[in-house]
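Structure at a glance
Okay, here's what each chain looks like letter by letter:
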Amino acid sequence: MLKFFKYLKESKWSVLAIIALLIVQAYCDLALPQYTADIVDVGIGQKGIENAAPERMRETTYNALTMFMTQEEKELMASAYVQEDGSYTLQADRETTEKLNESMGIPILIVSMINAEPAGDGEGMPDFRGFSEMLSAGLTDEQVLVMREMVRKSLGDTGDSVITQRAILFVQEEYKNLGVDVGKIQTDYLLRTGGMMLAYSVIMMAAAILVGLLASRVGARLGFNLRERVFTKVVSFSHAEMEQFSTASLITRSTNDIQQVQMVVVMMLRMVVYAPIIGVGGVVKVLNTKTGMGWIIVVAVALIMALVGVLMAVAMPKFKKMQTLVDRLNLVSREILTGVPVIRAFSREKFEEERFDGANRDLMRTQLFTNRVMNVMMPVMMLIMNGISIAIVWFGAKGIDMGNLMVGDMLAFITYTMQIVMAFLMLTMMSVMLPRAGVAAGRIEEVLRTQASIRDGENVQDERLAQARGVVAFENVSFRYPGAGEDALQNLTFTARPGETTAIIGSTGCGKSTLLNLIPRFYDVTGGRITIDGVDIREVSQHKLRSLLGYVPQKGVLFSGDIASNLKFGGEDISDSMMEEAARTAQASEFIESKPEGYHSEISQGGTNVSGGQKQRLSIARAIAKSPKVFLFDDSFSALDYKTDVALRRALREKTEDAAVIIVAQRISTILHADQIIVLEEGKIAGIGTHGSLLKECAAYREIAKSQLSEAELEGGMAG
């Protein structure tokens, strides 16, 4: 959870705006049930009359009511009502009106009973009609209190409800006697209250829309920033970090994991923040309804919490496992799709289908399990909610029957209860989603926290190579792969000079490509040092170092786009003429110009629409177009036929007169005319020299030569 808050720091103002809007939305949402209750109880049940204190009443009614009030209550009446034209008009604030409602209830009931035609006006009611003489003489406060107590006792448990009903009927009758249109009062109240409900609904809708918009923007911005940070971090990784995280895993972390976090953040802003607000507000509203059914809320919350606890205990481990299974499926899919030709060549389709099916089924089983858990949760939640509704209606109906509860209050109580339950339901849904998103966030953080093992020094000295010549020197260089038990390269010392070609040859696995990868700092040496023009390559920035190098990997890599964009990949300063010259040098211009669109011909992803030889020539041309000081060819001529190889090397020698050329090769024919050949054997230098000298002096080189050259070529080489 803390990870998500950390991600949201960048959008703190938007988050604060969302919280403010959610408070507004919750306030409106919580206000609507009370208005519904008012429409039912007041608008329909009480004909729109809100208070027991009439807005207007006749003088006779005023005098009759004050007879059954204490002196304090009479003073309150006198302060609240103004006499005009033989009637009294209410002119009081809300607080005074509430006090009048409390003090006028029983006096209204007594006056109603005195004016009633049948004795007692109802079963159990006292009959005050025979007290006319005493009433006309006036009552003391003590007598008033006695009479009121008699009325209260006669009402029993239904007192408040009966008093309210009688007061409303009394006010209605008084309005009729004054000629007031009671129907208009009801219509005006319904329109006014309905208008307020409509206004609150519009505000709530607008707040919800704005919250959704802001949350989506925050989520989209978060996803954008995370993808950018992960990509930037991955691009900075050396080969060691790339081997630590598989390519499939990095793709999953950059896409699926970030999508999970983005989705949960949006839902968290819309639900996790809103749920506590609506839940706490609902509890406060429920307590204010005074229905005596608060225990139902306690039972509902306890049941929901128990359900959530069970779900978390069962589903949490599966959610943590799911992302690993997605990684596994991506890995298997990637291997199969990239290796389709080999799979077909060895007729291993059935085996690979079974391997994919195994990874797919493992993920499916986990997803089915979590989905089934979720499917169980929703019906149980609905059962709890419906059970709560039934309990409220059952006990509420009893309260209505006893006169302790009004229909509108019961409806409001049901609505508030559902809001509280829905708040917990939202939190439950988030609690199910958060674990998986938490795992995804952890995997993203793992990438972001990983420090690249190859980093620029604190005091880089790029200016020392401002006029670089390109003299590459290995000084007693050793290298060991992370976690390996022995060195892959040991004590290598040689120098590659501008205008010369340095070739590296040896048996498979002897460390040729590893040696080449040390120069651009794909790995750092573990012993000794590599210098360019006498400057340790670790003392300059990686950008500066690599700007001096033209690297052609063992496996040609092209990018989607056109031929021109690939050849100009080395920098924006490469002109069309430089690009075309590089293509001619790499013997690629002929097949490029034969295409209808020439240099603007499309290159598909991975260069799958060109042959292996064409891909190698384009890769070589890309390096040449950069005009580097040092060329690095990692067995980059293997896919070329002998004629093209010879022509390319001849053209390349003319193009690289001022640059050092280092070639890793498997074929001796490629390096016959190299200025120096370095023979590697088990990570050590077995010999350095020209082709002729090595044939005479280096046994390892002779073994390689014997396997590739004829006797005549061997004798000619030794003679030369």
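Above this text is the structure in question.
For every chain, the first residue of its written sequence is number 1, and the numbers climb from 1 along that sequence. The predicted origin of the model limits local features to residues at a pLDDT of at least 70 and limits the giving and counting of side-chain atom pairs to 80 or more, whereas totals for whole chains, interfaces and linings rest on all residues. Water and hydrogen atoms were dropped before computing side-chain values, which therefore reflect all heavy atoms in the structure.

1. Observations regarding the overall build of the protein chain
- Each helix and strand counted, the protein chain has 27 helices and 15 strands in total.
- Relative to its length of 720 residues, the protein chain is extended, with a C-alpha radius of gyration of 45 Å against a globular reference of 27 Å.
- Projected onto its principal axes, the C-alpha coordinates of the protein chain cover approximately 155 × 50 × 50 Å.
- Buried residues in the protein chain amount to 48% of all 720 residues.
- The contacts in the protein chain between residues at least 6 apart in sequence include a share of 76% that link residues at least 24 apart.
- Accessible surface area values rest on a Shrake-Rupley calculation with a 1.4 Å probe, where residue burial reflects the displayed protein chains alone. Surface summary for the protein chain: the accessible area is close to 36,100 Å², and the carbon and sulfur share equals 56%.
- Distance between charge centroids for the protein chain: 8 Å, based on 73 positive and 83 negative side chains. The secondary structure listing takes helices from DSSP runs of H or I that are at least 4 residues long and strands from runs of E that are at least 2 residues long, numbered from the N terminus. For the radius of gyration, the atom set is restricted to C-alpha positions; the globular benchmark scales as 2.2 Å times the number of residues to the power 0.38. Relative accessible area decides the class of each residue, using a 1.4 Å probe on protein chains only: under 20% of the type maximum gives buried, over 50% gives exposed, and in between gives partly exposed. Only heavy atoms enter the contact rule, under which two residues are in contact if any of them lie within 4.5 Å. Positive residues here are Lys and Arg, negative ones are Asp and Glu, while His and the chain termini are left out of the count. Charged side chains are reduced to one point each, which is NZ for Lys, CZ for Arg, CG for Asp and CD for Glu.

2. Observations regarding the environment of Ala 674
- Relative to the helices and strands, Ala 674 is located in the loop between helix H24 (668-671) and strand S14 (676-681).
- Overall, Ala 674 belongs to the buried group, its relative accessible area being 8%.
- Ala 674 has contacts with Thr 501 and Ala 503, leaving out every residue within four places of it along the chain.

3. Some remarks on the side chain of Gln 260
- With respect to the helices and strands, Gln 260 occurs in helix H11 (residues 247-272).
- The exposure class assigned to Gln 260 is buried, which follows from its relative accessible area of 12%.
- Excluding residues that lie within four positions of it along the chain, Gln 260 makes contacts with Arg 436, Ala 437 and Ala 440.

4. A closer look at the pattern of salt bridges
- We define a salt bridge as a side-chain nitrogen of Lys or Arg found within 4 Å of a carboxyl oxygen belonging to Asp or Glu. The tally for this structure, following the rule as stated, stands at 17 salt bridges.
- For Glu 174, the salt bridge goes to Arg 58, with nearest N and O atoms at 2.9 Å. A residue pair is termed long-range when its members are at least 10 positions apart, and Glu 174 in helix H8 (residues 159-177) and Arg 58 in strand S1 (residues 56-58) qualify at 116 residues.
- A relative accessible area of 31% means that Arg 58 is categorised as partly exposed.
- Arg 529 is the salt-bridge partner of Glu 475, the closest N and O atoms lying 2.8 Å from each other. Placement of Glu 475 in strand S4 (residues 472-479) and of Arg 529 in strand S7 (residues 527-532) is noted, with a sequence separation of 54 residues between them.
- By relative accessible area, which is 31% here, Glu 475 ends up partly exposed.
- Since its relative accessible area comes to 30%, Arg 529 is described here as partly exposed.

5. A short note on the packing of aromatic side chains
- Side-chain rings of Phe, Tyr and Trp, where Trp is taken by its six-membered ring, are said to pair if the distance between their centres is within 6.5 Å; with planes under 30 degrees apart they count as stacked, over 60 as edge-to-face, and otherwise as tilted. All told, the structure shown has eleven aromatic pairs when counted by the stated rule.
- Where Phe 474 meets Phe 494, the ring centres are 4.5 Å apart and the plane angle is 15 degrees; that geometry is what we call stacked. On the criterion of sequence distance, the pair formed by Phe 474 in strand S4 and Phe 494 in strand S5 (residues 489-496) is long-range, its members being 20 residues apart.
- The rings of Tyr 27, Tyr 35 and Tyr 200 are connected pair by pair, giving a single aromatic cluster.
- Sitting over the ring of Phe 351, Arg 348 keeps its end group 4.2 Å from the ring centre. Our definition puts a charge over a ring when NZ of Lys or CZ of Arg is within 6 Å of the ring centre and also within 35 degrees of the ring normal.

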